[in-house]
Amino acid sequence: MTSISEGEFERLLVGFEREAIHLETRDAYGTAVELPHMAKWANGEPDDLAWLEGWCESLRRHVEAGRSVRRARIVSEPLSDYQRWSWSIAQPMVEAGEDIRWIPRRRVSSVAVPGNDYYLFDDRLAVFLIYAGNGLAVDRVASSQLADLRLCRSAFEAVWQLSIPHRDYQPI
C-alpha cells in the first residue's frame, strides 16, 4: 500500500471510468471543510450549502457520462451530531446523482468490513482513508492488491444489501 496525496485522490474522484463506491464507518469526522458548516447547523444558523456545489456538479457530470457513485454510511443510533448534520445536508448530493444509503450499525454485526473507510474505483484501486481519533484525515493509502479489492467489493455489497436509501431513512 502506498500513501497518495490529496491532489492524487481528487483526480481519482473525478477520473474514474464507471463506478466509485464509498464506505463510511465512523460516527464523526472533523474535516476542515465541514467543521464551520456543522457549527452553523449546531447553532441553528442557515447554510445555503453553496460549498457543496463543486461536489454536486462533479456528481452531475458523472451521471451524465453514465458513471455510478454510491455511498453507504454505517451509523450508530441514535445518530451522533455529526451524522444528524450529515443526513440534513445529503439531499443535494442525492439530487445530483449520488446514491447515499444509511445502515444502522446493529445490522452489520456479522458483516466483515475493512478497518478503515474507503473508496473503490472501478474495482481497480482501493483508497483507504485514515483518520485520527478526532476525525481529521491523516492519510490516504492506495492498494491495487486483489485481496484488498475483493474485500472492499464484498464488504460494500453486503452492507449495501442491508442499507436504507436516503429518502427512506429516518434518523433516530
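Right above here is the structure, for reference.
So, how was this worked out
- Residues numbered from 1 in each chain as written.
- Predicted model: local features only at pLDDT ≥ 70, side-chain atom pairs only at ≥ 80, totals over all residues.
- Heavy atoms only, no water.
- Helix = DSSP H or I, 4+ residues; strand = E, 2+ residues; numbered from the N terminus.
- Buried < 20%, exposed > 50% of the residue type's maximum accessible area, 1.4 Å probe, protein only.
- Contact = heavy atoms within 4.5 Å.
- Areas by Shrake-Rupley, 256 points an atom, 1.4 Å probe, with all protein chains shown as cover.
- Lys, Arg positive; Asp, Glu negative; His and termini not counted.
- Charge placed at Lys NZ, Arg CZ, Asp CG, Glu CD.
- Pairing = 2+ DSSP bridges.
- Core = buried A, V, L, I, M, F, W, Y, C linked by side-chain atoms within 4.5 Å.
- Phe/Tyr/Trp six-rings, centres within 6.5 Å; stacked < 30°, edge-to-face > 60°.
- Lys NZ or Arg CZ within 6 Å of the ring centre and 35° of its normal.
- Axes fitted to C-alpha atoms, helices over the stretch in contact; angles between N-to-C directions.

Draft legend 1. Representation of the overall build of the chain within the structure. A tally of regular secondary structure across the chain gives six helices and eight strands. Taken from N to C terminus, the helices and strands of the chain fall in the order β-α-β-α-α-β-α-α-β-β-β-β-α-β. With the C-alpha coordinates aligned to their principal axes, the bounding extent of the chain is approximately 45 × 35 × 30 Å. Split into buried and exposed, the 172 residues of the chain put 44% on the buried side. Of the contacts made within the chain by residues no fewer than 6 positions apart, 77% connect residues no fewer than 24 positions apart. Carbon together with sulfur atoms contributes 52% to the accessible area of the chain, which is approximately 8700 Å² in total. Charged side chains of the chain number 20 positive and 26 negative; the gap between the two group centres comes to 4 Å.

Draft legend 2. Seen up close, the pairing of strand S4 (residues 99–104). With five of its six residues buried, S4 lies for the most part within the structure. In this structure, strand S3 (residues 68–75) lies alongside S4, joined through six bridges in parallel fashion. Its bridge partner being in S4, Arg 70 is matched across the sheet by Asp 99. Bridge count for S4 against strand S8 (residues 164–165) is two bridges, and the pairing is antiparallel. Across the sheet, the residue bridging to Arg 101 is Pro 165, located in S8.

Draft legend 3. The arrangement of the nonpolar core in detail. Counting residues in hydrophobic clusters, the biggest one holds 29 residues, and the most contacted among them are Phe 9, Leu 52, Met 93, Tyr 119, Phe 121, Val 127 and Tyr 169. Put simply, the parts of the chain that give this core at least two residues each are helix H1 (6–15), helix H3 (53–64), S3, helix H4 (81–88), helix H5 (91–96), S4, strand S5 (117–121) and strand S6 (125–131). The residues contacting Met 93, other than those within four sequence positions of it, are Leu 52, Trp 55, Cys 56, Leu 59, Arg 71, Glu 98 and Ile 100. Judged by nonpolar contacts, the second largest core, of 17 residues, contains Ala 72, Leu 120, Ala 155 and Phe 156.

Draft legend 4. Main features of the packing of aromatic side chains. In total, this model carries eleven aromatic pairs according to the counting rule given. Plain terms: the ring middles of Tyr 119 and Phe 121 are 5.6 Å apart, the flat faces sit at 0° to each other, and that makes the pair stacked. Assigned by exposure class, Tyr 119 and Phe 121 land together as buried. Every member of this aromatic cluster is reached through a ring pair, and the members are Tyr 29, Trp 51, Tyr 82, Trp 85 and Tyr 131. It is Arg 26 that lies over the ring of Tyr 29; its NZ or CZ is 5.8 Å from the centre. In this arrangement the basic side chain of Arg 70 is found over the ring face of Trp 160, its NZ or CZ atom lying 4.8 Å from the centre.

Draft legend 5. Here's a closer look at the sheet that holds strand S1 (residues 2–3). Read from one edge to the other, the open sheet built from eight strands follows the order S1-S7-S6-S5-S2-S3-S4-S8, with strand pairing classed as mixed. Each of the sheet's edge strands pairs with one partner strand only, and the pair in question is S1 and S8. Contacting S5, S6 and strand S7 (137–143), H1 crosses the sheet at an angle of about 50° to S5.

Draft legend 6. Seen up close, the pairing of S3. The buried count for S3 comes to seven of eight residues, which makes it a mostly enclosed element. Here strand S2 (residues 19–24) runs beside S3; their pairing, made up of six bridges, is parallel. By the bridge assignment, Glu 19 is partnered in S3 with Ser 68.

Geometry only, nothing functional implied.
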